[in-house]
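Summary of structural features
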Amino acid sequence: MSYLEIDRLTVRLKGGGTLLRAVSLQVAAGEVRGLVGESGAGKSMIGKAVLGILPRAAEVVSGRIVLDGVDLLTLPPAERRRRVGASCALIPQDPLTALNPSRRIGPQITDRLVDILRWNRGRAEGRARELLAEVHIPDPDRVMRCYPHELSGGMRQRILIASAFAAEPKLIVADEPTTALDVTVQKQILKLIKEMQLRHGTALLFVSHDLGVVSKVCQSLTVLYAGMVLEDAGIGDFFRAPRHPYSAALLAATPKYTDPTAGLIPVPEAVLAAVRAEVAAADRRAGHV
Amino acid sequence: MRLLQSVLVRLATTAVTLFGLAVIVFVVIRVVPGNPVAMMLPPGATEADVARLSALYGLDKSIFQQFLIWAGGVLQGDFGTSITARQPVLELVLGRLPATLELSIMALIIAIVIGGLAALTGTRLRGTRVEGGIDVANGVALSVPDFLWGLVLILLFGVLMPVFHISGRVTPSLELPFVTEFYLFESVVRLRFDLWSDIVAHMFMPALALAIPLSAIIGQLLKQSLKETMHLDYVTLSRTKGYGETHVILREALPNAALPTLTLVGVQFTFLIGGTVIIERLFSYEGLGNMAIDAVINRDLPLIQGIVILFAVIFTGVNLFVDMMYAALNPRLRHA
Ligand SMILES: Nc1ncnc2c1ncn2[C@@H]1O[C@H](COP(=O)(O)OP(=O)(O)OP(=O)(O)O)[C@@H](O)[C@H]1O
Ligand SMILES: [Mg+2]
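Quick caveat, the model's predicted, so the values are computed rather than measured. (Residues numbered from 1 in each chain as written. Chains lettered and ligands numbered in written order. Predicted model: local features only at pLDDT ≥ 70, side-chain atom pairs only at ≥ 80, totals over all residues. Heavy atoms only, no water.)

1. Considering the interface of chain A and chain B
Listed as interface residues are 27 residues of chain A and, on the opposing side, 21 residues of chain B. A per-residue breakdown of the area chain A buries against chain B is headed by A:Arg56, A:Arg81 and A:Pro101, which together make up 22% of the total. Our enumeration of links across chain A and chain B arrives at four salt bridges. Taken together, the links from chain A to chain B amount to 14 residue pairs in polar contact (both at pLDDT 80 or more). Looking at the side of chain A that touches chain B, the elements with two or more residues in it are α2 (77–87), β6 (88–91), α3 (105–116) and α6 (153–165) of chain A. The biggest single contributor to the side of chain A that touches chain B is α3(A), with five residues. (Contact = heavy atoms within 4.5 Å. Buried area = accessible area lost by both parts, 1.4 Å probe. Salt bridge = Lys/Arg side-chain N within 4 Å of Asp/Glu carboxyl O. Polar contact = N/O pair within 3.5 Å; in protein donor to acceptor, adjacent residues only side chain to side chain. Helix = DSSP H or I, 4+ residues; strand = E, 2+ residues; numbered from the N terminus.)

Written out as structure tokens, the structure is:
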């Protein structure tokens, strides 16, 4: 059975507009699943729905988010928060804004362990030191006493990765974890995430618009367009023979998988028109136009 | 080291500012019509009487000479003698300063508590009617000046529902064992809560009147600042850790949102101290502001000069303190 099972999740803006259209996807324990699609497709929205941080303007109108056998959407808010905090984590996109500038690094790693998981402080600090060493940060004790502005972007992303793994979560959502970084640092951070994922056996929902990166990190992937799942495939199958024409166009638009600047070749207009028609048809079937 | 250097620079600029201010005040109060000596003499005094008394207070010399004499005295800690009270200005002014300081600080504390609670409640309940109510209350509090709040309070709690005293600093018939003029502070230190409650009952309305507009400013700015901070990534990240709304606001957002508010509170606090002049008059509160008005009415030139300089020293002191607080609370400045 899958650790995370999203079942026909529909999210809409309160003011009108659909962000996710009956999205279904599964992530098995220890699986790394890529979530790809163009900007605005709703990739981040899926991660936010799982973690319970949807924007105030958005609401879940139907569907289930089943985490470890429990539908999160049926839980009272406090219970849901606690459950998600204890078993999931987020690796954010921009390490420069994801750490609180007026708090030292140490407490920002240990706070979840102490406050949510009720560890004692000494044990939590020991754990933080251990993890900082795992993400190859020299002199963890010094770093834990630093404020974020005293550290580089790459260092901060390492810290955020360490912090995400601190509570030994079963699932981590990584939302374009390298996009905000220097190209030279990107590779190291990707390698590090993969290394940590393997060591801890954590399931990963890996949001990216870079198929090249996805091909290296993920075992399976879900292709999203306008909040709708177009294709769900194993990584090998997908790169051998994508089933959906839009996926094929995306793949064709990323010639070498490796060149980060190559994703700019546009998807052909005919393919886009077909996908839009497909979305509209799905909307009509669902009865919400 | 850097801190010491910047404090020294600030002190130097402050000295220059104070000197300029002293010159301006000195000249202005001598140029405006109204002769202090004529006001002291009984009607029917002769020209010769006026001249004699003027000479006694040195007012027959040129403004330039008068200034040199006054400045020379100030440098030795002598601010001259009050014409009406016939006591050293410094003694008079320092005697009244504690009353005004206690009033201002009490008002500041009330403003921070009310404004802070309004901002935090409004943020916690954003999008609800409570937030709308807080915004309206802030708007009203801000559009009415402090002395009108004073009148409203007198009407409400002095006349209609007399729970507080409307005049003075302490009930005159009480025996005061105090050695300083800091009545409120000393009553706590001496554990004389009977006196303390009497002093608070006198101070509460003027302090509240001064505090209401400032609390609205603090409330609005802090709420706006919190609103922006609540969207930041580190706040969202803290939510994914399992923290609830209240915790997220207090620990993640508030410390960062409070910094810009702090600077503004410093500036506004000096306005509040300025506001004590009218409020003290309104509530017959025996502080510096009340004394300043009497000094102006009586053309008590040395006393006016002394009070103005003291107010200026307080203002710059407050600003310096706020800047240092800002540096102390902001880790980015602390380590820069
Ligand atoms: N706070 C918000 N309020 C209203 N609409 C939003 C909000 N955040 C995102 N959206 C909308 O939701 C849709 C999906 O956004 P989402 O952030 O999930 O896209 P994405 O696939 O992650 O794109 P990107 O690659 O640019 O990050 C977009 O159309 C976006 O405009
Ligand atoms: Mg996104």
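2. Re the state of the cysteines
Residues and elements named next belong to chain A. Scanning the model with the defined rule gives zero disulfides over all chains in all. Note on Cys-218: no disulfide assigned, nearest cysteine sulfur contributed by Cys-88 at a separation of 17 Å. Residue classification places Cys-218 among the buried positions, given a relative accessible area of 5%. (Disulfide = S-S within 2.5 Å. Buried < 20%, exposed > 50% of the residue type's maximum accessible area, 1.4 Å probe, protein only.)

3. Thoughts on the site of ligand 1
Residues and elements named next belong to chain A. All residues in the neighbourhood of ligand 1 are listed as Leu-13, Leu-19, Glu-38, Ser-39, Gly-40, Ala-41, Gly-42, Lys-43, Ser-44, Met-45, Pro-55 and Glu-176. Ser-44 is positioned with one of its side-chain polar atoms (N or O) 2.6 Å from an oxygen atom of ligand 1. For ligand 1, whose accessible area on its own is 630 Å², the fraction buried by protein is 64%. Among the elements that make up the shell around ligand 1, the one with the highest residue count is helix α1 (residues 43–51) (three residues). (Near = heavy atom within 4 Å. Areas by Shrake-Rupley, 256 points an atom, 1.4 Å probe, with all protein chains shown as cover.)

4. So, the sheet that holds strand β5 (residues 70–71) of chain A
All names here are of chain A. Spatial strand order, β2-β1-β4-β5: four strands in an open sheet with antiparallel pairing. The open sheet terminates on both sides in strands that have one partner only, identified here as β2 (18–27) and β5. Examined bridge by bridge, strand β4 (residues 58–67) and β5 share two bridges and lie antiparallel to one another. Residue pairing in the sheet places Val-66 in a bridge with Asp-71 of β5. (Pairing = 2+ DSSP bridges.)

5. Thoughts on helix α6 (residues 129–143) of chain B
Residues three or four positions apart in an α-helix share a direction because the helix packs 3.6 residues into each turn. All names here are of chain B. Here α6 contains 15 residues, and its C-alpha end-to-end distance of 21 Å stays within 8% of the 21 Å for a straight helix at 1.5 Å per residue. Those residues of α6 that fall on the buried side of the exposure criterion are Glu-131, Ile-134, Asn-138 and Ala-141. All buried residues of α6 fall inside an arc of 90° around its axis, so they share one side. Exposed and oriented more than 90 degrees from the buried face of α6 are Arg-129, Val-136 and Ser-143. On its buried face, α6 is in contact with α5 (89–124), α7 (146–160) and α9 (193–229). You can read the cap of α6 off the contacts: a side-chain oxygen lies 3.3 Å from the backbone nitrogen of Val-130, and it is on Thr-128. (Expected span 1.5 Å × (residues − 1). Arc of directions from axis to C-beta.)

6. Points about the pairing of β4(A)
Strand direction decides the pairing type here: strand β1 (residues 4–13) of chain A and β4(A), joined by eight bridges, are antiparallel. Residue A:Asp7 lies in a different strand from β4(A), and its bridge partner there is A:Arg64.

7. Focus: the pattern of salt bridges
Enumeration according to the criterion identifies 30 salt bridges over all chains in this entry. Between B:Arg10 and B:Asp323 there is a salt bridge, with its nearest N and O atoms 2.4 Å apart. Of this pair, B:Arg10 sits in helix α1 (residues 2–31) while B:Asp323 sits in helix α13 (residues 301–329); the two residues are 313 residues apart in sequence, bridging distant segments of the chain. For B:Asp323, a relative accessible area of 37% translates into the label partly exposed. For B:Glu245, the salt bridge identified is with B:Arg126, shortest N-O distance 3.0 Å. In this pair, B:Glu245 sits in helix α11 (residues 245–282) while B:Arg126 sits in the loop between α5 and α6, placing the two residues 119 residues apart along the sequence. What you see here is one network of salt bridges that share partners, running through A:Arg103, A:Asp111, A:Asp115, B:Lys241, B:Arg251 and B:Glu252.

8. Section: the side chain of B:Ser54
Residues and elements named next belong to chain B. Within the secondary structure, Ser-54 is located in helix α3 (residues 47–56). Owing to a relative accessible area of 12%, Ser-54 belongs among the buried residues under this scheme. With residues up to four places along the chain from it excluded, the contact list for Ser-54 reads Val-37, Leu-59 and Asp-60.

9. Description of the packing of aromatic side chains
The tally for this structure, following the rule as stated, stands at twelve aromatic pairs over all chains. Judged by centre distance (5.2 Å) and plane angle (35°), the rings of B:Phe178 and B:Tyr183 are tilted. Each member of the pair, B:Phe178 together with B:Tyr183, is buried. The ring of A:Trp119 is capped by A:Arg123, whose NZ or CZ atom sits 3.6 Å from the centre of that ring. The ring of B:Tyr183 is capped by B:Arg169, whose NZ or CZ atom sits 4.1 Å from the centre of that ring. (Phe/Tyr/Trp six-rings, centres within 6.5 Å; stacked < 30°, edge-to-face > 60°. Lys NZ or Arg CZ within 6 Å of the ring centre and 35° of its normal.)

10. Quick notes on the domain arrangement of chain B
Accessible area lost upon the coming together of the parts is a frequently used measure of interface size. Residues and elements named next belong to chain B. When cut into domains, chain B gives domain 1 (13–75) and domain 2 (94–334). Spacing between the C-alpha centres of domain 1 and domain 2 amounts to 36 Å. Between domain 1 and domain 2, the residue contacts involve 14 residues of the former and eleven residues of the latter. Taken together, both faces of the contact between domain 1 and domain 2 bury some 1100 Å²; the carbon and sulfur share is 77%. In terms of surface lost to domain 2, no three residues of domain 1 exceed Leu-18, Ile-29 and Trp-70, which account for 36% of the buried area on that side. Viewed at the interface, domain 2 and domain 1 are joined by zero salt bridges. Run the count over domain 1 and domain 2 and you get one residue pair in polar contact (both at pLDDT 80 or more). Going through the elements one at a time, α1 and α2 (36–40) are the ones with two or more residues in the side of domain 1 that touches domain 2. With eight residues, the single largest contributor to the side of domain 1 that touches domain 2 is α1. Class assignment for the residues of the side of domain 1 that touches domain 2 results in eleven nonpolar, two polar and one charged. (Domains from an automatic or database assignment. Nonpolar A, V, L, I, M, F, W, Y, C, P; charged D, E, K, R; others polar.)

11. Observations concerning the environment of A:Ala248
Considering the arrangement of structural elements, one finds A:Ala248 in helix α10 (residues 245–252). Note: C-alpha distance between A:Ala248 and A:Ser208 (40 residues apart in sequence) is 17 Å.

12. Considerations on the nonpolar core
Membership of the largest hydrophobic core comes to 96 residues, with the highest contact counts inside it found for A:Ile46, A:Ile161, A:Leu171, A:Phe206 and A:Tyr246. Residues contacting A:Ile161, with those up to four places away along its chain left out, are A:Ile91, A:Val135, A:Ile189, A:Leu192, A:Ile193 and A:Met196. Ranked by size, the runner-up nonpolar core spans 61 residues in total, among them B:Tyr183, B:Val200, B:Ile218 and B:Ile307. (Core = buried A, V, L, I, M, F, W, Y, C linked by side-chain atoms within 4.5 Å.)

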